[in-house]
Amino acid sequence: MEPGCYEVAPGVHRVPLQMPGDGLGAVNVYALETPDGLALVDGGWRVDTTFEEMERALLRIGHSTEQIHDIYVTHVHRDHYTFAVELRRRHGARVHLGVAEADGLAAVGALGSNVPTDSLHELRRAGAPVLADTVEALTAAEPFHPSDWEEPDHWLAAGPLRIGRRTLDVVHTPGHTKGHMVFHDVRQGLLFSGDHVLPTITPSIGFELGEWDLPLGRYLDSLSRMLDRPDSQLLPAHGDPTPSVHRRVEELLAHHDQRFDAMRNALISLGQGTATAVAHVVTWTRRERPFTTLDPFNQMIATCETLAHLDTLVDRGRLTVRQLDGHDVFAVV
């Protein structure tokens, strides 16, 4: 998507902000017109070009960043949170974040780097210590700015939220992160889905600081609960809007069923194995790429997602797991 400002519904505009060097290309920030100016859903990633890009986009609809009074962030990943903090610093916009993200945000501040320490722990549990060391070295070398991770002005809880003349339902959707929130405008039929429901890809699972607590199980439960809500237009954080949340949720649920089968079949072929061994057998991305063709960061994501699927199958009684030399070894029941 080219930079700009695109109306997706009356009074609602999508602003794709570039993510240099990231395979996703851009993150969608949604600008909602209010009697007092603008409110944003998600803030974007603070890089050198983001402020000028946002200014140019809002100028197209006769607004500026100075008119942004509130920013409602779906989750604490840097491509959603860090530019929200920058807008507060420049213009005083209030930043809102789900209360269950508090521990993760505090952990980032305490760590003082971009090293995903808890994901590295899971890599070692998955039997990938060399990959863990590689990712640790790469992320330790990245610039880290403590000011990007200041606390929000307000911790959001699930429930109704008044934004100008709109009422949005704030819905807790743990899985991608523990405190992920979506914002549902039932009256206008819009779901600001963050990374919870994406139109062409599946969100990463298990890439956050904090205790590993069956993240895929939480994600699938959160997805299923979307089907209990009125169907709406999907306004995702990455990719183009689509007409039906329900249709995409059903596709995502079916996709994960297929991945469960693929990973269980991989274990049958191996006899038993670690999550790393299974990740090498199954393929990745829509292009069915072998694991070895992924860069180290995406190998980490793939390994953590494999581990999340295998842990869920253990929880469902379809696999067994035992410890061997510090690794989890899985087998089919």
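Keep in mind that what you see is a predicted model, and the values were worked out from it rather than measured.

A. Looking closely at the sheet that holds strand 4 (residues 37-41). Across the sheet, 7 strands lie side by side as 1-2-3-4-5-6-7; this open sheet has mixed pairing. The outermost strands of the open sheet, each flanked by one partner alone, are strand 1 (6-9) and strand 7 (154-156). Neighbour to neighbour, the strand axes of the sheet diverge by 30° on average, direction disregarded. In the sheet, strand 6 (residues 94-98) pairs with strand 7 via 3 bridges, with the strands oriented parallel. Paired with Leu97 across the bridge in strand 7 is Trp155. Across the sheet, helix 1 (residues 50-59) lies against strand 2 (12-18), strand 3 (26-34), strand 4 and strand 5 (68-73), angled at about 150° from strand 2, the strand it touches most.

B. Representation of the pattern of salt bridges. Here the structure, examined in full by the defined rule, presents 20 salt bridges. Across the pair Arg125 and Glu122 runs a salt bridge whose closest N-O atoms are separated by 2.8 Å. Taken as a pair, Arg125 and Glu122 lie in helix 4 (residues 117-125) at a separation of 3 residues, close to a single helical turn. Accessibility expressed as a relative area gives 7% for Glu122, which makes it buried. Two residues, Arg218 and Glu208, come together in a salt bridge whose shortest N-O distance is 4.0 Å. Here Arg218, found in helix 6 (residues 215-226), pairs with Glu208, found in the loop between strand 11 (190-194) and helix 6; they are 10 residues apart in sequence, far enough to count as distant. With respect to class, Arg218 is no different from Glu208; both count as buried. Three or more residues joined by partner-sharing salt bridges are found here, namely Glu86, Arg88, Arg89, Arg90, Glu150 and Asp153.

C. Structural view of the layout of surface pockets. Empty space within the second largest pocket amounts to approximately 260 Å³. Contributing to the lining of the second largest pocket are 13 residues, with Trp45, Arg46, Arg78, Pro143 and His145 lying nearest its centre. Broken down by class, the residue content of the lining of the second largest pocket amounts to 5 nonpolar, 3 polar and 5 charged.

D. View of the pairing of strand 10 (residues 181-185). Across the 5 residues that make up strand 10, a large majority, 5, are buried. Neither face of strand 10 is left uncovered, since the one carrying Met181, Phe183 and Asp185 and the one carrying Val182 and His184 both have all their residues buried. Of the strand pairs in this sheet, strand 9 (residues 166-172) and strand 10 are connected by 4 bridges, and their pairing is antiparallel. Along strand 10, the bridge assignment pairs Val171 with Val182. Strand direction decides the pairing type here: strand 10 and strand 11, joined by 3 bridges, are antiparallel. In the sheet register, Phe183 faces strand 11, and the bridge partner there is Phe192. With antiparallel pairing between neighbouring strands as the criterion, strand 10 and strand 11 make up a hairpin whose turn holds 4 residues, including Gly189 at a positive phi of roughly 70°.

E. Summary view of helix 2 (residues 78-91). Under the 1.5 Å per step criterion, the end-to-end length of helix 2 is 20 Å for 14 residues, consistent within 8% with the ideal 20 Å. By the criterion of burial, helix 2 is predominantly enclosed, with 10 of the 14 residues buried. Among the residues of helix 2, Asp79, His80, Tyr81, Thr82, Phe83, Ala84, Val85, Glu86, Leu87 and Arg88 are the ones counted as buried. One or two residues past the end of helix 2 sits Gly92, with phi positive at roughly 85°.

Cut-offs used in this document
- Residues numbered from 1 in each chain as written.
- Predicted model: local features only at pLDDT ≥ 70, side-chain atom pairs only at ≥ 80, totals over all residues.
- Heavy atoms only, no water.
- Pairing = 2+ DSSP bridges.
- Helix = DSSP H or I, 4+ residues; strand = E, 2+ residues; numbered from the N terminus.
- Axes fitted to C-alpha atoms, helices over the stretch in contact; angles between N-to-C directions.
- Contact = heavy atoms within 4.5 Å.
- Salt bridge = Lys/Arg side-chain N within 4 Å of Asp/Glu carboxyl O.
- Buried < 20%, exposed > 50% of the residue type's maximum accessible area, 1.4 Å probe, protein only.
- 1 Å grid on protein atoms, 1.4 Å probe; cavity = no way out; pocket = protein on both sides within 12 Å on 5 of 7 lines; lining within 4 Å.
- Points joined across faces, edges and corners; volume = space filled by probe spheres on them.
- Nonpolar A, V, L, I, M, F, W, Y, C, P; charged D, E, K, R; others polar.
- Expected span 1.5 Å × (residues − 1).

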